[in-house]
Amino acid sequence: MSRRLTITLAAAASILALGLGGCTAADDPTAGAADAAASGSFPVTIEHAFGETTIDEQPTRVVAWGWGSADDAIALGVTPVAIPFQSYGGDEDGLLPWIADALKGEEMPVVLPDTEEPPYEDIAAAAPDVILAAYSGITEEEYDLLSKIAPVVAYPGEPWATPWRDLIEITGTALGKSTEATALLASIDTEIADQAAAHPEFVGKTIALTSDSDGTFYVYKKEDPRVAFTLGLGFVSAPAVDELATDEASFYYTLSYEQLDRLSSDLLVNFGSTQEQSDAFLDASYSQAMMQVQAGTVASPVGAAFISSVSPPTGLSLSWGLDDYVTLLAAAVNQ
């Protein structure tokens, strides 16, 4: 989802010429960082894949890059000055519907250009005092260049793999909103628990979450965030999901069409970016061998925005899509 960036010395110099401050790093983690963040005081130091970043003062001009950081900042009461263009799930301007809903009546952030690498000049023009990229694919070289503009909060482990709950906590720490982040997570947990209580028929039902795209069938493992919160509704991951897994290092694996009959579960959730894609799977000869298709116990979330709201969810998107998602699950379980 990312690629190495080749940048000329002249371009790098133009970033430096903007005169914006970078982040600082210490040899050892700052002992009081967590307590400081919890109380909303600064400085705070956040460790990540490229070292650590110290934020000296509470940010007021926030730029988000990647996925989820903009959502979480808004959910915590901080509207970024610039956010990434979202081609999957966003409108023609790259704006996600839950962000548009949350900021209705307010001035919208600048939407950055739709590029694979960070648009350095546009980010610098936004004059940020922090860049949130904790769920992104930035490389170390890109991190170093962004750090010449403002302190950068990168992902804690692997690119594009930060758990959504951790992302809310990281965003809260960076913005001096840790108390609000804790409250937001508790509120989301309550929403999920309320949905589970309203649907006792979910309890103990085995479930498998999949997608069929461009001739490849994907199965999502328990490590995938969409699976994790779905299990919180009372479902149990189907044993077949683990039994058929071929890649322990990833949150998904691919399954040949000849093996689909082995993916048994009480409920199958199959994600389709379009109605045509969803219908094509249900009508395909290879899907007819699946017990769930035969029984009609298939829930089909359709549409880029709908799918994006739950995979992976964010502090804004999960609440936006949860009711419709649960309605689909209930209809399939109760058919």
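Residues numbered from 1 in each chain as written. Predicted model: local features only at pLDDT ≥ 70, side-chain atom pairs only at ≥ 80, totals over all residues. Heavy atoms only, no water.

What about the overall build of the protein chain?
Okay, so step 1: Assigned secondary structure in the protein chain consists of 14 helices and 13 strands.
Okay, so step 2: Residues classed as buried in the protein chain amount to 50% of the 335 residues present.
Okay, so step 3: Considering only contacts in the protein chain between residues 6 or more positions apart, those separated by 24 or more positions represent 69%. (Helix = DSSP H or I, 4+ residues; strand = E, 2+ residues; numbered from the N terminus. Buried < 20%, exposed > 50% of the residue type's maximum accessible area, 1.4 Å probe, protein only. Contact = heavy atoms within 4.5 Å.)

As for the pairing of strand 6 (residues 130-133)
Okay, so step 1: Residues of strand 6 alternate between two faces, with V130 and L132 on one and I131 and A133 on the opposite face, all of them buried.
Okay, so step 2: Bridge analysis of strand 3 (residues 62-64) against strand 6 gives three bridges, and the strand direction is parallel. Across the sheet, residue A64 finds its bridge partner in strand 6, namely L132.
Okay, so step 3: Judged from the three bridges that link them, strand 6 and strand 7 (residues 152-154) form a sheet pairing that is parallel. Directly across from I131, in strand 7, lies its bridge partner V152. (Pairing = 2+ DSSP bridges.)

A closer look at the side chain of T54
Okay, so step 1: Here T54 lies in strand 2 (residues 51-55).
Okay, so step 2: Relative accessible area serves as the criterion here: at 12%, T54 is assigned to the buried category.
Okay, so step 3: A polar side-chain atom of T54 sits 2.9 Å from a polar atom in the side chain of T45. (Polar contact = N/O pair within 3.5 Å; in protein donor to acceptor, adjacent residues only side chain to side chain.)

Regarding the packing of helix 8 (residues 178-198) against helix 14 (residues 317-333)
Okay, so step 1: At a closest axis distance of 11 Å, the pairing of helix 8 and helix 14 adopts a crossing angle of 5°. Between helix 8 and helix 14, the angle falls in the class roughly parallel. Residues I188, E191, I192 and Q195 of helix 8 form the contact with helix 14, whose own contacting residues are L318, S319, L322, D323 and V326. (Axes fitted to C-alpha atoms, helices over the stretch in contact; angles between N-to-C directions. Parallel < 35°, antiparallel > 145°, perpendicular 65-115°, else oblique.)

Focus: the environment of T216
Okay, so step 1: By the element assignment, T216 lies in strand 9 (residues 216-220).
Okay, so step 2: Residues T216 and L255 lie 39 residues apart in sequence; the distance between their C-alpha atoms is 7.6 Å.

Remarks on the confidence of the model for the protein chain
Okay, so step 1: Counting all residues, the mean pLDDT for the protein chain is 89, and 88% of those residues have values of 70 or more.
Okay, so step 2: Every residue in residues 1-39 is under pLDDT 50, and counting partners more than four places away or in other chains gives 67 contacts. (pLDDT = per-residue confidence, 0-100.)

Some thoughts on the environment of Y218
Okay, so step 1: Counting through the fold element by element, Y218 comes out in strand 9.
Okay, so step 2: Look at Y218 and you get partly exposed, because its relative accessible area is 24%.
Okay, so step 3: Apart from the residues within four sequence positions on either side, Y218 is in contact with L209, T210, S211, S213, Y252, Y253 and T254.

Considering the pairing of strand 2
Okay, so step 1: In terms of residue burial, strand 2 counts as a mostly covered element, since four of its five residues are buried.
Okay, so step 2: As defined by bridge partners, strand 1 (residues 44-48) adjoins strand 2 across five bridges and the pair is classed as antiparallel. From the neighbouring strand, H48 faces strand 2, where its bridge partner is G51.

Quick look at unusual backbone geometry
Okay, so step 1: The step from F42 to P43 runs through a cis peptide bond, and the omega angle for that step is 10°.
Okay, so step 2: With respect to the helices and strands, P43 occurs in the loop between helix 2 (33-39) and strand 1.
Okay, so step 3: Cis geometry is found at the peptide bond from S311 to P312, where omega equals -10°.
Okay, so step 4: Along the chain, the position of P312 falls in the loop between helix 13 (304-310) and helix 14.
Okay, so step 5: At W160, a position not held by glycine, the phi torsion is positive, near 55°.
Okay, so step 6: Structurally, W160 is set in the loop between strand 7 and helix 7 (164-175).

Re helix 8
Okay, so step 1: When the terminal C-alpha atoms of helix 8 are compared, their 30 Å separation across 21 residues agrees well with the 30 Å that a helix rising 1.5 Å per residue should span.
Okay, so step 2: What helix 8 keeps buried is the set S178, A181, L184, L185, I188, I192, Q195 and A196. Relative to the axis of helix 8, the buried residues are bounded by an arc of 120° and lie together on one face. In helix 8, those exposed residues whose orientation departs by more than 90 degrees from the buried face are T179, T182, A197 and A198. (Expected span 1.5 Å × (residues − 1). Arc of directions from axis to C-beta.)

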